[in-house]
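Summary of structural features
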Amino acid sequence: MRSLLRGLAVFTFAFLFSLEFWSLYMAQDDEAVVVVGARRILDGEAIYRDWDTHLSPGSFLLGALWFGLLGFQAPTTRLAFACVFGLTAVIIDLAAQRCFKGRWQWLPTLLWGTCGILEFPILSYHWLASGMAVCTLWRGLVWVDEPSRRNALLLGAAVAGAGWCLQSEGLVAVLMVILWTVRFRLRSVIWVVLGCLLASLLLWLPVCREWALIVEQNAALGKHLRFNHKPYSLANLTFFLSHYEGLSLSQGVVAFGAGASHIFINVLRYVGFPVLLLWTGWSCERSRDRTGAALVYGMLGWVLGTANRQTLLYVSFLNPGWVLLITLGLRRLPGGRYWALVLAGLEVLGWTARFALKQQIYSYPLSTRSGVYYLADPQRAQALTTIYSWLRELPPQTPILAFPYAVSFYSLENLKNPIRRQTLIPFLDPPAAFESARAELQAKKVPWILYLAPGAAEIEGETGIPAEMLNQAWEEARRQLTQGYRLRRDLGGASLYERDPGADSQ
């Protein structure tokens, strides 16, 4: 009973900390990937058979279950995000109880609540996968301490869950198990493999008929990895810091405090990660701290499994493990309690400043069919309001192609994606995908196309692809896909096209 009450308290703590993000318009297109996939399942379409994705099916199947029960109106999506956030906090706390004693157990939960999901506070398959990765980490700590058959089977189930949510986290989980097995010479690893196989058979059962398509579509992951290839580099930190040029107290105490705290926590995490791994690894091995060493080797597996993409954003998906690792590092420092208190105090103050700033600046409403969201940029809010007014003229479930990356218009306006692909992004999707999409548009006589140019400068910073090349590729894709359509609305980088009735007779 005591453990249950503690778990409920930790879940509630994290859940309440998520409330500040519920109505904010943030990364909506990324969030919509899960939402639109879930909607397609509920509409009777099958993953891989009726629509393409290089992702594992877990987030879509869980999303279909969630939205099938609660519907798609706001704040259902952010409520799901809050539950993922809260459940991850519970797993972090369970791992902390395994690693630490006394008040040290509470620092990881505090850090997770204040800054764990700061960089990407939306429902995402990444957070589901991160939750399963830290679950693997927790079960691994138990297995290393108590290498019984039961613990090995449970660890294997966690490994299966990680891969079911996202392939990269499946790799992470496998690397964790390999490192633990080699370092601690654990012979019960065969039961981990068996647990993974049994759980995988159960989890993948809903899509088991599509194995050929799963292999075919996931084989295309190589293209995705090349597009998203950006390994660890301080140049990534420089790009992040460029967003804060000119930050000063003249902008107000709240704005300065929010910006300074955001810089602090990201520099601490990103620059300190390699140092933290080396320090904790050396310290735990030197003192023969078996549990601490297991935590370090687990985190090493997490880092190696995600080495292809380690920008500040993507490193933040390691936060469930990082909050445990930095607690371990502080505990092993001379005067560690003092430094832990300083970090906790700074982060509480930082969260307060960031919360206060959000209340000040996110004041521009955007009304959608799914609910009202708030933006910080008045010009963007006005532009999106105009675009959504165009779409409001279309009946719900109207087929419309929104591209290159405008998935949120399907989810927020209850419109239908008419093609097999969720997105159409040059350099990520092959030329054949655009030819196939154009054939689908013509065969299905899709009445509308919405083109919304993404931010080339931001994508250049995240991928390294020059903005000029991005813009050129997007324009070429627009010309290719809008043949047989006429321009009806235009607003800078946004254009709405209607199918030309004469195209049917050509």
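Up top is the structure.
If you're wondering where the values come from, they're calculated on a predicted model, not measured in any experiment.

**A look at the overall build of the chain**
Helix and strand content of the chain: 22 helices and 6 strands. Relative to the 2.2 N^0.38 estimate, which gives 23 Å for 506 residues, the radius of gyration of the chain is 24 Å and therefore close to what a compact globule would have. With respect to the principal axes defined by its C-alpha atoms, the chain has extents near 80 × 60 × 45 Å. Of all 506 residues assigned to the chain, the portion counted as buried reaches 54%. A fraction of 72% describes how many contacts in the chain between residues 6 or more apart in sequence connect residues 24 or more apart. Counting every atom, the chain has about 22300 Å² of accessible surface; 64% of that belongs to carbon and sulfur. Both charge centroids of the chain, one from 44 positive and one from 35 negative side chains, sit 11 Å from each other.

**Things to note about the layout of surface pockets**
Reported here for the second largest pocket is a volume of approximately 420 Å³. Along the walls of the second largest pocket sit 20 residues, with Leu-62, Cys-83, Val-84, Leu-87 and Leu-128 positioned nearest its centre. Put simply, the parts of the chain that give the lining of the second largest pocket at least two residues each are helix H3 (58-70), helix H4 (76-99), helix H6 (125-145) and helix H7 (149-165). Considering only residue class, the lining of the second largest pocket consists of 15 nonpolar, 5 polar and no charged.

**Some points on helix H5 (residues 107-116)**
The buried fraction of H5 is high, at 9 of 10 residues. Buried residues of H5: Leu-107, Pro-108, Thr-109, Leu-111, Trp-112, Gly-113, Thr-114, Cys-115 and Gly-116, and no others.

**Topic: the side chain of Ser-56**
Within the secondary structure, Ser-56 is located in the loop between helix H2 (28-42) and H3. A distance of 2.9 Å separates the side chain of Ser-56 from the backbone oxygen of Gly-163, its partner in a polar contact. A polar atom in the side chain of Ser-56 sits 3.4 Å from the side chain of Gln-167.

**Observations regarding the pattern of salt bridges**
All told, the structure shown has 21 salt bridges when counted by the stated rule. Notably, a salt bridge pairs Lys-358 with Glu-20, separated by 3.3 Å at the nearest N-O pair. With Lys-358 in helix H17 (residues 336-361) and Glu-20 in the loop between helix H1 (2-17) and H2, this residue pair connects regions lying 338 residues apart in the sequence. The exposure class of Glu-20 is buried, given its relative accessible area of 10%. When the shortest N-O distance is used, the salt bridge between Glu-498 and Arg-486 registers 3.9 Å. In this pair, Glu-498 is assigned in strand E6 (residues 494-499) and Arg-486 in strand E5 (residues 485-491), connecting sequence segments 12 residues apart.

**Observations concerning unusual backbone geometry**
Phi is mostly negative for residues that are not glycine, and the peptide bonds are mostly trans. Cis peptide bonds are those with omega within 30 degrees of zero, and the linkage from Ala-74 to Pro-75 qualifies with 5°. In this fold, Pro-75 is placed in the loop between H3 and H4. Cis peptide bonds are those with omega within 30 degrees of zero, and the linkage from Phe-403 to Pro-404 qualifies with 0°. By secondary structure assignment, the location of Pro-404 is in strand E3 (residues 400-404). Even without glycine at this site, Arg-185 takes up a positive phi of about 55°. Mapping Arg-185 onto the fold places it in the loop between helix H8 (167-184) and helix H9 (189-203). The exposure class of Arg-185 is exposed, given its relative accessible area of 74%. Backbone geometry at Gln-397 places phi at a positive 70°, although glycine is not the residue there. If you trace the backbone, Gln-397 turns up in the loop between helix H18 (378-392) and E3. Overall, the relative accessible area of 31% leaves Gln-397 in the partly exposed class.

**Let's talk about empty space enclosed by the protein**
Empty pockets left among the atoms are what a rolling probe the size of a water molecule brings to light. Scanning the model with the defined rule gives 3 cavities of 30 Å³ or more in all. The computed volume of the largest cavity comes to approximately 90 Å³. Forming the walls of the largest cavity are Gln-28, Glu-31, Ala-32, Val-35, Phe-72, Gln-73, Ala-74, Thr-77, Ser-370, Tyr-373, Ser-411 and Leu-412. Looking at the lining of the largest cavity, the element that brings in the most residues is H2, giving 4 residues.

Definitions and cut-offs
- Residues numbered from 1 in each chain as written.
- Predicted model: local features only at pLDDT ≥ 70, side-chain atom pairs only at ≥ 80, totals over all residues.
- Heavy atoms only, no water.
- Helix = DSSP H or I, 4+ residues; strand = E, 2+ residues; numbered from the N terminus.
- Rg over C-alpha atoms; globule rule 2.2 N^0.38 Å.
- Buried < 20%, exposed > 50% of the residue type's maximum accessible area, 1.4 Å probe, protein only.
- Contact = heavy atoms within 4.5 Å.
- Areas by Shrake-Rupley, 256 points an atom, 1.4 Å probe, with all protein chains shown as cover.
- Lys, Arg positive; Asp, Glu negative; His and termini not counted.
- Charge placed at Lys NZ, Arg CZ, Asp CG, Glu CD.
- 1 Å grid on protein atoms, 1.4 Å probe; cavity = no way out; pocket = protein on both sides within 12 Å on 5 of 7 lines; lining within 4 Å.
- Points joined across faces, edges and corners; volume = space filled by probe spheres on them.
- Nonpolar A, V, L, I, M, F, W, Y, C, P; charged D, E, K, R; others polar.
- Polar contact = N/O pair within 3.5 Å; in protein donor to acceptor, adjacent residues only side chain to side chain.
- Salt bridge = Lys/Arg side-chain N within 4 Å of Asp/Glu carboxyl O.

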